[in-house]
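These are the residues of each chain, in order.
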Amino acid sequence: MADKDQKKFGFLSNYPFCSPRKLENTHEYDADTKLDTIAVTAQCKLGDQNLASPVVPSISLSSTFRINNVGEYKKCAEEGYIYGRLANHSCESAAEAINLLEGGTGALIFPSGMSAITTTLLTVLQKGDHVIFPDPLYSGTYRFAKDMLHKYGIEISIVEAGNIEAYRKEIRPNTKVLYGETPTNPTLTILDLDAFVELAKSVKGGSLTIVDATFASPYLQQTLKHGVDISIHSCTKYIGGHSDVIGGSLCTSNKQLYEYIAELQRQMGNIQSPFDAFLMLRGIRTLPLRMVKHSQNALAIAQYLEQHPKIIRVFYPGLASHPQHVIAKKQMSDFSGMVVFDVAGGLEAGKTLVANVKLIVLAVSLGGHESLIEHSALMTHGEEIMSKKEREDGGITDGLIRLSVGLENASDLIKDLEQALAKM
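The rules behind each value
- Each chain has its residues counted from 1, following the order in which its sequence is written.
- Where totals are concerned, whole chains, interfaces and linings use all residues; where local detail is concerned, this predicted model gives features only for residues with pLDDT of at least 70, and gives and counts side-chain atom pairs only at 80 or more.
- Hydrogens are left out, water is left out, and the side-chain values use all remaining heavy atoms of the structure.
- To qualify as a helix, a DSSP run of H or I must reach at least 4 residues; to qualify as a strand, a run of E must reach at least 2; elements of each kind are numbered from the N terminus.
- Each residue is assigned to one of three classes by its accessible area relative to the maximum for its type, calculated with a 1.4 Å probe on protein chains only: buried under 20%, partly exposed between the two thresholds, exposed over 50%.
- Contact between two residues is taken to exist if any of their heavy atoms lie within 4.5 Å; hydrogens are not considered.
- In this count, Lys and Arg are taken as positive residues and Asp and Glu as negative ones, while His and the chain termini are left out.
- One atom stands in for each charge, and that atom is NZ of Lys, CZ of Arg, CG of Asp or CD of Glu.
- When DSSP finds two or more bridges between two strands, those strands count as paired.
- Think of each axis as a best-fit line through the C-alpha atoms, taken over the contacting stretch in the case of a helix, with angles from 0 to 180 degrees between the N-to-C directions.
- Only one rule defines a salt bridge in this text: a Lys or Arg side-chain nitrogen within 4 Å of an Asp or Glu carboxyl oxygen.
- A 1.4 Å probe that fits into a set of points on a 1 Å grid over the protein atoms alone but cannot get out defines a cavity; an open set with protein on both sides within 12 Å along at least five of seven lines defines a pocket, and lining residues are those with an atom within 4 Å of a point.
- Grid points are joined across faces, edges and corners, and a volume is the space filled by probe spheres set on the points.
- Ten residues, namely Ala, Val, Leu, Ile, Met, Phe, Trp, Tyr, Cys and Pro, are considered nonpolar, four, namely Asp, Glu, Lys and Arg, are considered charged, and the remaining ones, Gly among them, are considered polar.
- Nonpolar side chains (Val, Leu, Ile, Met, Phe, Trp, Tyr) are joined into patches within 5 Å and like charges within 9 Å, using only residues with over 30% relative accessible area and no salt bridge.
- Note on areas: Shrake-Rupley with a 1.4 Å probe; residue coverage comes only from the protein chains shown.

Here we look at the overall build of the protein
When you go through the protein residue by residue, the secondary structure sums to 16 helices and 12 strands. Each principal axis of the C-alpha distribution contributes one length, and for the protein these read about 90 × 55 × 35 Å. Within the protein, buried positions represent 48% of all 424 residues. Put simply, 69% of the contacts in the protein that link residues at least 6 apart link residues at least 24 apart. Each charge sign in the protein was given a centre, from 41 positive and 47 negative side chains, and these centres are 1 Å apart.

What follows is the structure in structure tokens.
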């Protein structure tokens, strides 16, 4: 070191250096390479993944991937990555976590719960097929079934939710799919999964079973273990868990079915974004802890509401008074965070209640860390979606309130409900 530099940098001589890693660029530049080219192309090679890898999977945002050898293009497509619509590590990480929770052969993730539902139905159905749906049903699915499927030449029937005999009576020679929800949205009816699967087996030619298990989460209910063909979740809800991501998933135990739907998903381009997949995986990491707390809080609130004089009826699978409580105990490890109740005074009383909560948030959706409340007849199942008669046929009364119980202290939530109920 020159004398001048010795004076300038002398303080470094006594510092115990650890040599920094040597960084390599993915491109080779010569001395004449221009700055604008470097700005566009400069990229550091990944460190040796065989030596160490990130504990949290990195977000893979790239839309396309460098192919090292053109002769290995097919191998890249089968075992690696070539284009983000076809495969992406962030999406695969979230999908595999869901698959392991569900106990399936493979899972796929989508940009919304509805995209998972519509892609699945349009993939497994064809012109002339017949589907049986429950009533009530998630409003998005209800609208798609009523407004869209007939355009594809697909017939539908709608039967009382949870009623196996009602499904049986609607079976036709062309019945291709038995579609269920458990717990149902919004009345929390429980579908006996074992009986549902047995019914499907009795259909001549075979019928696929598809169950939306969003309200249960894959932590509290392993739908596929009962023999259901396809389990669907709106990952916006409990799987995401923070009200900051929109997503959906499907999972199946049938390898051929998984590969078939996966191929159609790629062709349709109905894929989740890598960043949203990252948020879904982050939510999954705390799903077990959150579902325990959701369930504890929901039971405490359901028990409080059940004895309140202004409440006509409480719907919660964890209460002995729930008509399918025994079935819920058989197929759920706990009863989740959704509480539904019917207030005395009908529509106006319900409006008063939801307008006067202070801690609980008036909003659609569910399954987030915060408690959300909605008036079903005026919001998710309102006149834009279905008529008053259609609501009544599904057990959705004018005073029906849906409460997604969050992770707050249960006593604070009860106090909030108490002061709002007092204003009715």
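Considerations on the sheet that holds strand E6 (residues 230-234)
The seven strands are arranged E1-E7-E6-E5-E4-E2-E3 in an open sheet whose pairing can be described as mixed. Two strands lie at the open edges of the sheet, namely strand E1 (106-110) and strand E3 (155-160), each paired on one side alone. Each adjacent strand pair in this sheet contributes to an overall mean axis angle of 20 degrees, direction not counted. Across five bridges, the pairing between strand E4 (residues 175-181) and strand E5 (residues 208-212) is parallel. Residue Leu178 lies in a different strand from E5, and its bridge partner there is Thr209.

Here we look at the pattern of salt bridges
Inspection of the entire model under this criterion finds 15 salt bridges. Glu392 is paired through a salt bridge with Lys388; the nearest N and O atoms lie 3.4 Å apart. Remark: Lys388 and Glu392 occur in helix H15 (residues 388-393); sequence separation between them is four residues, near one turn of the helix. Accessibility expressed as a relative area gives 46% for Glu392, which makes it partly exposed. With relative accessibility at 41%, the residue Lys388 sits in the partly exposed group. The residue Asp393 makes a salt bridge to Lys389 at a minimum N-O spacing of 3.0 Å. With Asp393 and Lys389 both in helix H15 and four residues apart, the pair spans about one turn of that helix. According to the relative accessible area criterion, Lys389 is exposed, its value standing at 55%. Salt bridges sharing common partners tie together Asp192, Asp194 and Lys330.

A short note on the layout of surface pockets
Computed from the structure, the largest pocket encloses a volume of approximately 1100 Å³. Around the largest pocket, the lining comprises 23 residues; the ones closest to its centre are Gln43, Leu46, Ser60, Phe65 and Tyr81. Within the lining of the largest pocket, the residues separate by chemical class into nine nonpolar, 11 polar and three charged. Size it by volume and the second largest pocket reaches roughly 450 Å³. Lining the second largest pocket are 22 residues, with Leu86, Glu92, Leu108, Tyr258 and Arg266 positioned closest to its centre. Elements with a contribution of two residues or more to the lining of the second largest pocket: helix H4 (89-102), E1 and helix H10 (255-268). The residue inventory of the lining of the second largest pocket, partitioned by class, reads 10 nonpolar, seven polar and five charged.

Digging into a nonpolar patch on the surface
Taken together, Ile59, Leu61 and Phe275 make up a surface patch of nonpolar side chains, about 290 Å² in accessible area. Among the secondary structure elements, Leu61 is positioned in the loop between helix H2 (35-41) and helix H3 (73-79). On the accessibility criterion, Leu61 (61% relative accessible area) is exposed.

Structural notes on the sheet that holds strand E10 (residues 361-362)
Taking strand neighbours across the sheet as the criterion, the five strands line up as E8-E9-E12-E11-E10 in an open arrangement whose pairing is mixed. In this open sheet, the two edge strands, each paired with only one partner strand, are strand E8 (311-315) and E10. Pairing of strand E9 (residues 338-343) with strand E12 (residues 400-404), which is carried by five bridges, proceeds in the antiparallel orientation. Bridge pairing in E12 places Phe341 opposite Ile401.

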